[in-house]
Structures are given as C-alpha cells and as structure tokens.
Amino acid sequence: MKTKIILDTDPGIDDAMAILFAEANPNVDLVALTTVFGNADIETSTRNALYLKQRFGMNCDVAKGVSKPLLRDPVGASTAVHGENGFGDIALDAPTIAADPRPAHQYIIDTVKAAPKEITLVAVGPLTNLAMAITQAPEIGDLVKEVVIMGGAFGTHDHTGNVTPFAEANVHDDPHAADIVFTADWPVTVIGLDVTHETFFSTDYIDTLRDTCGEVGEFMWDISRFYLDFYKSRMDVDGCFVHDPSAIAYVIDPSLFTLRKGPIRVVCDGPAEGLTIQKHKPTKHKTDEWAEKRPQQVAIAVNDQAVLDVYLDSMTQYGNRES
Ligand code: BDR
Ligand code: CA
C-alpha cells in the first residue's frame, strides 16, 4: 500500500531532489507540498514548489506556509548554498498555477483530520508549520500515521552540526518550533545529520542521474551545479550529502535505518542554539527536562548504498515512464 505523505519543504536544491523522489517512487502518494521559509524566502520556496508541480505534471496540492520563525530573529535565506532563486540560479519560467487558499498549517490540520491514521507528515525544512499545526489542533497528534523530520544532529559518527558547530540548519532556523514538534504527543522519527552525512551523492552519481533519468535527471543535474560548487569550496568534496531525500528513503523503507528511542529536547538560545539532545538512557535524575516527554526515534545508522540504489531506481523508472 502507498504511504500518503504531506511534504513540508523549503525548496531548495536537495528539497527538489526529495520532492521528485517522493513523486517518482511507486510506494509513496505525495498528497501535498506545504512550503516554509528556510533555504529561500517563503515567496520563492512557494514559487519553486509550484514550478515543480507544473513542470513535472504532479497531482499534489501546494499550500503556502509561514515566512518566519515562531520567536527567534530570522537567520535569513541560505542563498550561499541554494542560490538567490533556491534552485541554483538556473532560469525558471514563472508558474501559472496557484496554491491552495489555506495556510500550510491549516491545510495540514484539515487533511490529517479527513484521513485519520493515513497521513505521514514529512518535514524537510524549519518546523514552524508543523509546530503551529500541533499547537492549534493537538488532536491531530493521535490522527497522524507518523511524523518524519530531516533535521537535527545527535553526534553519532561525530556529526554535530552544519550551520554552527552544534546545530543543523532546519532546527537552527526555528529551534522553538523544533522543540514543540519533538516533544509533542505524536510519533516522530528524526533523520538528522547522523545519517544524512553518511550518504553521499558523488558528482559521478549525479552525472548518472542526468544520463539515465530523462528530463528529471537533467533538471537535477542543472540545479545541483551551484550546490556542488558550495560543497567543493566549503568542504573540498566532489558531491553532496543526501539530506532531504533520506527522509523519503525512510518512508519508502524504514529498514534501511537503525533507530534509537528516547525523548528529544532542543537548546533554544545561547551559543548552542539549535543543539538537539536525545536522552536514550533510562537513568533517573532529580531534575530532568526529558523525563515526562514522549520517547521519539532518532536514526543513528543507515544502509547508504541501499539509499543510493532506491533513489536511482526510482528516478530511472520515473524519468523513462510512458506519459
Ligand atoms: C537541511 O538544511 C537545508 O539547507 C537543506 O535543504 C536540508 O533540509 C540540511 O541541514
Ligand atoms: Ca530542506
């Protein structure tokens, strides 16, 4: 049976790779893209979601979300990583289709209520829309199937942060929202840097996508030029880590990941702002800000080759389908 997902996203180059993966894989039913600020401002990320929907003939809804974090001052768009237009500054035609009239958090609430236990929320941007949805309608906690988050870093394999030494970008963009989402009474699985920095799209792999996956492969190759230049200049690597597509890989096949259970909190200010901490030991403490919180799942290992294989298979079949 297909897993129905709402994908909350800030497209973004690796977001586009994740969106197209969800659209391509036959075991995923992409119900909607809900947009959020992050890699780009909200107008740009929504335009990019609509662009993908129109260009690739996707059936999903698009709903526009929030433009800024709940409480902290905005960090600003990640233009150094994703370009001014979020898609590596390639030329883009303006989409001629419109978004759903509802704000993203309302779309999420309505859709989860209309299909109890059927919808998996997958978030690959700052968690502001999800925090607003669960705060305004706590009853959806019992009605979602699962909440899958690309975000955070828990120190496995020494992966502790990408935008600060101890924070991952999506959580750092809105730490208060992340703390709400991780501590809410719903089932969360976190796909953080612990595993996304263990899976790598080499330049050769992306060349293969271009050569074997038709128009969709060429598009991913085009938008990733800017992204790969960033990785080369910042980290001296030939390729990029696999962030947002890893969350979709988990939805497709959870057995590719090793999970650890325990409540999660987020540091919301100070020099470690955005640090994510899971208490996975049963030790009792007199003072414990984790103790009463719901245990959630954090991915700590991944079968990286299997993720690469399922991604390439999905995109090859999709790129060569008969239309
Ligand atoms: C996350 O931050 C964004 O730049 C990427 O799209 C991804 O969601 C990685 O830390
Ligand atoms: Ca993202």
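Each residue is numbered by its place in its chain's sequence as written, counting from 1. Each chain takes a letter, starting from A, and each ligand takes a number, starting from 1, following the order in which they are written. A pLDDT threshold of at least 70 governs which residues receive local features in this predicted model, and a stricter bar of 80 or more applies before side-chain atom pairs are shown or counted, although totals over entire chains, interfaces and linings include all residues. Hydrogens and waters are ignored; side-chain quantities use all the structure's heavy atoms.

Under an unreviewed UniProt entry, the protein chain has the name Nucleoside hydrolase and belongs to Enterovibrio gelatinilyticus.

Peer 1: Would you explain the nonpolar core in this entry?
Peer 2: The nonpolar side chains of a soluble globular protein tend to be buried, and buried together. Of all hydrophobic cores here, the largest spans 66 residues; its most connected members are F219, F257 and M315. Under the scheme used here, helices are H or I runs from DSSP no shorter than 4 residues and strands are E runs no shorter than 2 residues, and both carry numbers assigned from the N terminus. Ranked by the residues each element gives to this core, the list is headed by helix α1 (residues 13-24), at 9 residues. Working definition of a nonpolar core: buried Ala, Val, Leu, Ile, Met, Phe, Trp, Tyr and Cys residues. They are joined through side-chain atoms within 4.5 Å. The buried label goes to any residue with under 20% of its type's maximum accessible area, the exposed label to any with over 50%, and the partly exposed label to all in between, with areas taken from a 1.4 Å probe on protein chains only. Counting 35 residues, the second largest nonpolar core, distinct from the first, contains I108, I109, L130 and V181.

Peer 1: So what exactly am I meant to see when it comes to the site of ligand 1 here?
Peer 2: Every residue close to ligand 1 is listed here: D14, D15, N39, H82, V124, M150, N162, E168, A169, N170, H243 and D244. Each polar contact in these results corresponds to two N or O atoms within 3.5 Å; when the atoms are within protein, one needs to be able to donate a hydrogen and the other to accept it, and residues that are neighboring in sequence are counted only if both atoms are side-chain atoms. Within the contact set of ligand 1, an oxygen atom lies 2.9 Å away from a side-chain nitrogen or oxygen of D15. The side chain of N39 places a nitrogen or oxygen atom 2.6 Å from an oxygen atom of ligand 1. With residues, only the protein chains shown are counted as cover, and all accessible areas are computed by Shrake-Rupley using a 1.4 Å probe. Burial of ligand 1 by the protein amounts to 95% of the accessible area it has alone, namely 280 Å². In this structure, ligand 1 is accommodated by the largest pocket. Elements represented by at least two residues in the shell around ligand 1 include exactly α1 and α6 (169-173). Classifying every residue of the shell around ligand 1 by side-chain character gives 3 nonpolar, 5 polar and 4 charged. Throughout, the term near means that a residue has one or more heavy atoms lying within 4 Å of the molecule or strand in question. Here the term cavity refers to a set of points on a 1 Å grid, laid over the protein atoms alone, in which a 1.4 Å probe fits but cannot get out; the term pocket refers to an open set having protein on both sides within 12 Å along at least five of seven lines, with lining residues being those that place an atom within 4 Å of a point. Whether a molecule sits in a cavity or pocket is decided by its atoms, more than half of which must lie within 2 Å of the grid points. Three categories are distinguished: nonpolar for Ala, Val, Leu, Ile, Met, Phe, Trp, Tyr, Cys and Pro, charged for Asp, Glu, Lys and Arg, and polar for the others, with Gly belonging to the last.

Peer 1: Explain the sheet that holds strand β1 (residues 3-9) here, please?
Peer 2: Sheet strands pair via backbone hydrogen bonds, and the direction of the pair is either parallel or antiparallel. At least two DSSP bridges between two strands are needed for those strands to be called paired. Read across the open sheet, the 8 strands follow the order β3-β2-β1-β4-β5-β6-β12-β9; overall the sheet is mixed. Looking at which strands have only one partner, the edges of the open sheet turn out to be β3 (61-63) and β9 (257-262). Each strand axis lies, on average, 25° off the axis of its neighbour in the sheet, ignoring direction. Note on definitions: angles span 0 to 180 degrees between N-to-C directions of axes, and those axes are lines fitted to C-alpha atoms, for helices only across the stretch in contact.

Peer 1: I tried to follow the layout of surface pockets on my own but got confused; where do I start?
Peer 2: By rolling a water-sized probe across the atoms, one finds the places where empty space is left. Grid points are joined across faces, edges and corners, and a volume is the space filled by probe spheres set on the points. What the largest pocket holds in volume is close to 530 Å³. Residue lining of the largest pocket: 29 residues in total, with S78, V81, N162, V163 and A169 positioned closest to the centre. Taken together, the elements giving at least two residues each to the lining of the largest pocket come down to α1, α3 (79-82), α6 and α10 (214-235). At 5 residues, the largest contribution of residues to the lining of the largest pocket is made by α10. Considering only residue class, the lining of the largest pocket consists of 12 nonpolar, 10 polar and 7 charged. By volume, the second largest pocket amounts to about 150 Å³.

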